[in-house]
Amino acid sequence: MSTTDRRQRHRASLRREILDAASQLFVEEGYHRLTMRRLAERIEYSPTTIYLYFKDKNELLGAVCEETFSRLAGKLERLQKTAGTPMGHLREGLRTYIEFGLAHPNQYLVTFMSPSPAMDGASFEGSAGSRAFDTLRRSVRACAEHGDIHTPDVEMTAQALWAGVHGVTSLFITMNGFPFVDKAALVEHTIDTLTGGLKTPAATPRTAAQARSKKWDFFD
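Only a predicted model underlies this, so the values are computations on that prediction, with no experimental measurement involved. (Residues numbered from 1 in each chain as written. Predicted model: local features only at pLDDT ≥ 70, side-chain atom pairs only at ≥ 80, totals over all residues. Heavy atoms only, no water.)

1. Describing the overall build of the chain
Here is the rule we go by: Numbered from the N terminus, helices here are DSSP runs of H or I no shorter than four residues, and strands are runs of E no shorter than two. The method behind every accessible area is Shrake-Rupley, applied with a 1.4 Å probe, and residues are considered shielded solely by the protein chains displayed.
Scanning the chain from terminus to terminus reveals 11 helices and zero strands. Ordered by position in the sequence, the α and β elements of the chain form the string α-α-α-α-α-α-α-α-α-α-α. Carbon and sulfur atoms make up 54% of the accessible area of the chain, which totals about 12200 Å².

This is how it looks when you write it as structure tokens:
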């Protein structure tokens, strides 16, 4: 390996370390309390080193959010390329969203539940977040065109579905002491409720056996 390759690998590794530590600190201390000096102490580097990668904490938080959205968008986009029905893709996409949030709780909290100046509507267009939401929008449109659901407003329906799965995800992450029923069953029931209210009269409801068929490894 050449010297240049080693340097590039070291820079990528350090950037990864900074982002992971920042995700944790944003959750632990909040956006306004986090400082570059505090982050530097966490990773045992000088603040000057961090400024070589990010000009300020707004840019740092933006990078955390963008990376999280990008990973989620990639998973959802790959899902849409698999074989299956439009409704199957929609339901699996909603499950994937919840699973992703529970697998990356720090990043989810920072991205979706920690408002800051780095997150605004103007920066959403063209972002990885826009990519991720567009997969949901396309799934809703495909279901409507296939006759599985009825909706006069694809955008409204997509946002309503997102609000529903976001609620479940955020509650599981933040309310550890709440006496939830079986979480896998609750997720399936939530998805059934969200999608069931949109179905056209001709659509066939899922059976109880089908509802139980999904394995939820991340709850084990």
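Don't stop here, the text continues.
2. Some words on a nonpolar patch on the surface
The condition that has to hold: Exposure above 30% relative accessible area and no salt bridge define the residues that can form patches, which grow by joining like charges within 9 Å and nonpolar side chains of Val, Leu, Ile, Met, Phe, Trp and Tyr within 5 Å. We count a salt bridge whenever a side-chain nitrogen from Lys or Arg sits within 4 Å of a carboxyl oxygen from Asp or Glu.
Nonpolar side chains collect at one region of the surface, where Leu-171, Met-175 and Phe-178 lie side by side and expose about 280 Å² of accessible area between them. With respect to the helices, strands and loops of the structure, Met-175 is situated in the loop between α9 (154-174) and α10 (183-196).

3. Here's the deal with the packing of helix α5 (residues 86-103) against helix α8 (residues 128-146)
Formally: Note on method: axes are straight lines fitted to C-alpha atoms, helices fitted across the in-contact stretch only, with angles between N-to-C directions ranging 0 to 180 degrees. Relative orientations are named as follows: roughly parallel for angles under 35 degrees, roughly antiparallel for angles over 145 degrees, roughly perpendicular for angles from 65 to 115 degrees, and oblique for any other angle. Handedness of each helix crossing follows the sense of rotation of the near helix against the far helix: counterclockwise by less than a right angle gives left-handed, clockwise gives right-handed. Any two residues whose heavy atoms approach within 4.5 Å at even a single point are treated as in contact. Under the scheme applied here, ten amino acids are nonpolar (Ala, Val, Leu, Ile, Met, Phe, Trp, Tyr, Cys and Pro), four are charged (Asp, Glu, Lys and Arg), and all others, including Gly, are polar.
Where α5 contacts α8, the two axes come as close as 8 Å, and the packing angle between them is 150°. Judged on the interaxial angle alone, α8 and α5 are roughly antiparallel. Where α5 crosses over α8, the handedness of that crossing is left-handed. Here Pro-86, Met-87, Leu-90 and Leu-94 of α5 come into contact with α8, specifically with Leu-136, Ser-139, Val-140, Ala-142, Cys-143 and His-146. Across the contact of α5 with α8, the residue classes break down as eight nonpolar, two polar and no charged.

4. Some details on the pattern of salt bridges
Applicable threshold: Exposure classes here rest on a 1.4 Å probe applied to the protein chains alone. A residue is buried below 20% of its type maximum, exposed above 50%, and partly exposed in between.
All told, the structure shown has 12 salt bridges when counted by the stated rule. In this structure, the salt-bridge partner of Arg-91 is Asp-192, at a minimum N-O distance of 2.8 Å. Of the two residues, Arg-91 is situated in helix α5 and Asp-192 in helix α10; the sequence distance between them amounts to 101 residues. With relative accessibility at 4%, the residue Arg-91 sits in the buried group. Overlapping salt bridges, with partners in common, bring together Arg-91, Glu-92, Arg-95, Glu-188 and Asp-192 in one network.

5. Concerning the packing of helix α4 (residues 57-80) against α5
Axis separation between α4 and α5 bottoms out at 10 Å; the angle between their running directions is 155°. On the basis of the axis angle, α4 is roughly antiparallel to α5. Where α4 crosses over α5, the handedness of that crossing is right-handed. Residues Thr-68, Arg-71, Leu-72, Lys-75, Leu-76, Leu-79 and Gln-80 of α4 pack against His-89, Glu-92, Gly-93, Thr-96, Tyr-97 and Phe-100 of α5. In terms of residue class, the contact of α4 with α5 is made up of five nonpolar, five polar and three charged.

6. Observations concerning the environment of Ala-22
Tracing the sequence through the fold places Ala-22 in helix α1 (residues 3-29). Its relative accessible area of 0% is what places Ala-22 among the buried residues. When the C-alpha atoms of Ala-22 and Gln-107 are compared, they prove to be 9.4 Å apart, with 85 residues separating the residues in sequence. Each residue touching Ala-22, except ones within four places of it in the same chain, is listed here: Leu-34, Leu-39, Leu-60 and Val-64.

Coordinates in, geometry out; function isn't part of it.
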